[in-house]
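# Notes for the structure review
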Amino acid sequence: MTKTETITIRVSSDLRAKLELLAENTRRSKSFLAGEAVSRFVESESEIIDGIKQGMADIKAGRVVTHDAAMKRIRATIANPRALPVKKSAECALSSGQT
(Lines give C-alpha, C1' and ligand atoms only; values in the text may rest on other atoms or scores of the structure.)
Protein backbone atom coordinates (compact mmCIF):
# COMPACT_ATOMS: atom_id res chain seq x y z
CA MET A 1 0.00 0.00 0.00
CA THR A 2 1.20 3.49 -0.85
CA LYS A 3 2.27 5.60 2.10
CA THR A 4 0.01 8.62 2.48
CA GLU A 5 0.51 12.04 4.00
CA THR A 6 -2.00 14.34 5.66
CA ILE A 7 -2.51 17.90 4.42
CA THR A 8 -5.01 20.57 5.37
CA ILE A 9 -6.89 22.64 2.79
CA ARG A 10 -9.41 25.44 2.97
CA VAL A 11 -12.61 25.19 0.94
CA SER A 12 -15.84 27.19 0.80
CA SER A 13 -18.84 26.08 2.83
CA ASP A 14 -20.66 25.23 -0.39
CA LEU A 15 -17.84 23.00 -1.62
CA ARG A 16 -17.62 21.27 1.74
CA ALA A 17 -21.37 20.56 1.65
CA LYS A 18 -21.08 19.15 -1.88
CA LEU A 19 -18.14 17.00 -0.82
CA GLU A 20 -20.07 15.68 2.18
CA LEU A 21 -23.06 14.83 -0.03
CA LEU A 22 -20.82 13.14 -2.58
CA ALA A 23 -19.11 11.14 0.16
CA GLU A 24 -22.46 10.04 1.51
CA ASN A 25 -23.82 9.10 -1.91
CA THR A 26 -20.71 7.19 -2.95
CA ARG A 27 -20.00 5.65 0.45
CA ARG A 28 -16.47 7.04 0.29
CA SER A 29 -14.76 9.21 2.83
CA LYS A 30 -14.33 12.93 2.22
CA SER A 31 -10.61 12.38 2.58
CA PHE A 32 -10.59 9.72 -0.15
CA LEU A 33 -12.59 11.90 -2.55
CA ALA A 34 -10.46 14.98 -1.86
CA GLY A 35 -7.31 12.93 -2.40
CA GLU A 36 -8.65 11.64 -5.73
CA ALA A 37 -9.53 15.18 -6.82
CA VAL A 38 -6.10 16.54 -5.91
CA SER A 39 -4.40 13.62 -7.64
CA ARG A 40 -6.33 14.17 -10.87
CA PHE A 41 -5.69 17.91 -10.74
CA VAL A 42 -1.95 17.46 -10.21
CA GLU A 43 -1.71 14.93 -13.05
CA SER A 44 -3.67 17.19 -15.41
CA GLU A 45 -1.66 20.31 -14.58
CA SER A 46 1.61 18.36 -14.84
CA GLU A 47 0.69 17.20 -18.35
CA ILE A 48 -0.06 20.80 -19.35
CA ILE A 49 3.26 22.02 -17.97
CA ASP A 50 5.13 19.16 -19.69
CA GLY A 51 3.46 20.13 -22.98
CA ILE A 52 4.47 23.75 -22.54
CA LYS A 53 8.07 22.72 -21.81
CA GLN A 54 8.10 20.50 -24.91
CA GLY A 55 6.76 23.38 -26.98
CA MET A 56 9.43 25.69 -25.64
CA ALA A 57 12.10 23.10 -26.47
CA ASP A 58 10.66 22.77 -29.99
CA ILE A 59 10.87 26.53 -30.45
CA LYS A 60 14.44 26.59 -29.20
CA ALA A 61 15.38 23.75 -31.58
CA GLY A 62 13.70 25.47 -34.52
CA ARG A 63 10.91 22.91 -34.88
CA VAL A 64 8.26 25.47 -35.76
CA VAL A 65 5.83 26.21 -38.56
CA THR A 66 4.90 29.71 -39.66
CA HIS A 67 1.34 30.89 -39.22
CA ASP A 68 0.94 31.20 -42.99
CA ALA A 69 2.13 27.62 -43.57
CA ALA A 70 -0.19 26.28 -40.87
CA MET A 71 -3.18 28.18 -42.29
CA LYS A 72 -2.38 26.94 -45.81
CA ARG A 73 -2.41 23.36 -44.53
CA ILE A 74 -5.63 23.91 -42.57
CA ARG A 75 -7.40 25.45 -45.57
CA ALA A 76 -6.26 22.59 -47.79
CA THR A 77 -7.57 20.06 -45.27
CA ILE A 78 -10.92 21.83 -45.01
CA ALA A 79 -11.21 22.08 -48.79
CA ASN A 80 -10.38 18.42 -49.42
CA PRO A 81 -9.93 16.35 -46.25
CA ARG A 82 -9.67 13.04 -48.13
CA ALA A 83 -6.74 14.22 -50.26
CA LEU A 84 -4.30 14.20 -47.36
CA PRO A 85 -2.44 10.99 -46.53
CA VAL A 86 -3.25 9.38 -43.21
CA LYS A 87 -0.26 9.54 -40.90
CA LYS A 88 0.52 6.41 -38.93
CA SER A 89 2.72 8.16 -36.39
CA ALA A 90 1.52 10.43 -33.61
CA GLU A 91 3.19 13.42 -35.26
CA CYS A 92 1.08 15.46 -37.64
CA ALA A 93 2.49 17.01 -40.77
CA LEU A 94 2.57 20.43 -39.14
CA SER A 95 4.84 19.35 -36.32
CA SER A 96 7.35 17.97 -38.80
CA GLY A 97 7.31 21.16 -40.84
CA GLN A 98 5.59 19.73 -43.93
CA THR A 99 3.07 21.91 -45.74
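Scroll up a little and you will see the structure.
Attention in this report is confined to the structure presented alongside it. Computed from a prediction, not measured in an experiment: that's the story for all the values here.

## A closer look at unusual backbone geometry
- The backbone phi angle of R27 is positive, close to 60 degrees, even though this residue is not glycine.
- Note that R27 resides in the loop between α1 (13-26) and α2 (30-60).
- Exposure remark for R27: the relative accessible area of 79% places this residue in the exposed category.

## Quick look at α2
- Its 31 residues place the ends of α2 45 Å apart at the C-alpha level, agreeing with the 45 Å of an ideal helix rising 1.5 Å per residue.
- Two residues or fewer past α2, G62 is found with a positive phi of approximately 85 degrees.

## Points about a nonpolar patch on the surface
- A grouping of I48, I52, M56, I59 and V64 is seen on the molecular surface, where their side chains present a nonpolar patch of about 500 Å² in accessible area.
- Following the sequence through the fold, I59 ends up in helix α2.

## Things to note about the packing of α1 against α2
- Contact geometry of α1 with α2 gives a least axis separation of 9 Å together with a crossing angle of 110 degrees. When the interaxial angle is binned, α1 and α2 end up roughly perpendicular. From α1, R16, L19, E20, L22, A23 and T26 reach across to α2, where they touch K30, L33 and A34.
- By residue class, the composition of the contact of α1 with α2 is 5 nonpolar, 1 polar and 3 charged.

## What to know about the pattern of salt bridges
- Per the counting criterion, the structure on display carries 3 salt bridges.
- E20 is paired through a salt bridge with R16; the nearest N and O atoms lie 3.0 Å apart. Taken together, the residues E20 and R16, both in helix α1 and 4 residues apart, mark about one turn of the helix.
- Note that D58 is salt-bridged to R63, the shortest N-O span being 2.6 Å.
- Take R63: its relative accessible area is 46%, and that puts it in the partly exposed class.
- Here the salt bridges do not stand alone but share partners, grouping R16, E20 and K30 into one network.

Conventions we followed
For every chain, the first residue of the written sequence is number 1, and numbering continues from 1 along that sequence. Whole-chain, interface and lining totals are the exception, using all residues; otherwise, since this is a predicted model, local features are given only for residues with pLDDT of at least 70 and side-chain atom pairs are given and counted only at 80 or more. The side-chain figures draw on all heavy atoms in the structure; neither hydrogens nor water molecules are used. Secondary structure is summarised from DSSP: a helix means a run of H or I of at least four residues, a strand means a run of E of at least two, and numbering begins at the N terminus for each. Exposure classes here rest on a 1.4 Å probe applied to the protein chains alone. A residue is buried below 20% of its type maximum, exposed above 50%, and partly exposed in between. Residue count minus one, scaled by 1.5 Å, sets the expected span of a helix. Patch membership requires over 30% relative accessible area and the absence of a salt bridge. Like charges are linked within 9 Å, and nonpolar side chains (Val, Leu, Ile, Met, Phe, Trp, Tyr) within 5 Å. Calculation of accessible area relied on Shrake-Rupley with a 1.4 Å probe; when residues are assessed, cover is drawn exclusively from the protein chains displayed. A carboxyl oxygen of Asp or Glu within 4 Å of a side-chain nitrogen of Lys or Arg is what we treat as a salt bridge. Every axis in this analysis is a line fitted to C-alpha atoms, fitted for helices over the stretch in contact. Angles between the N-to-C directions lie between 0 and 180 degrees. Note on angle classes: values under 35 degrees are labelled roughly parallel, values over 145 roughly antiparallel, values of 65 to 115 roughly perpendicular, and the remainder oblique. Contacts were defined at the residue level, with two residues in contact if any of their heavy atoms lie within 4.5 Å. Polar here means any residue outside two lists: the nonpolar Ala, Val, Leu, Ile, Met, Phe, Trp, Tyr, Cys and Pro, and the charged Asp, Glu, Lys and Arg; Gly therefore counts as polar.

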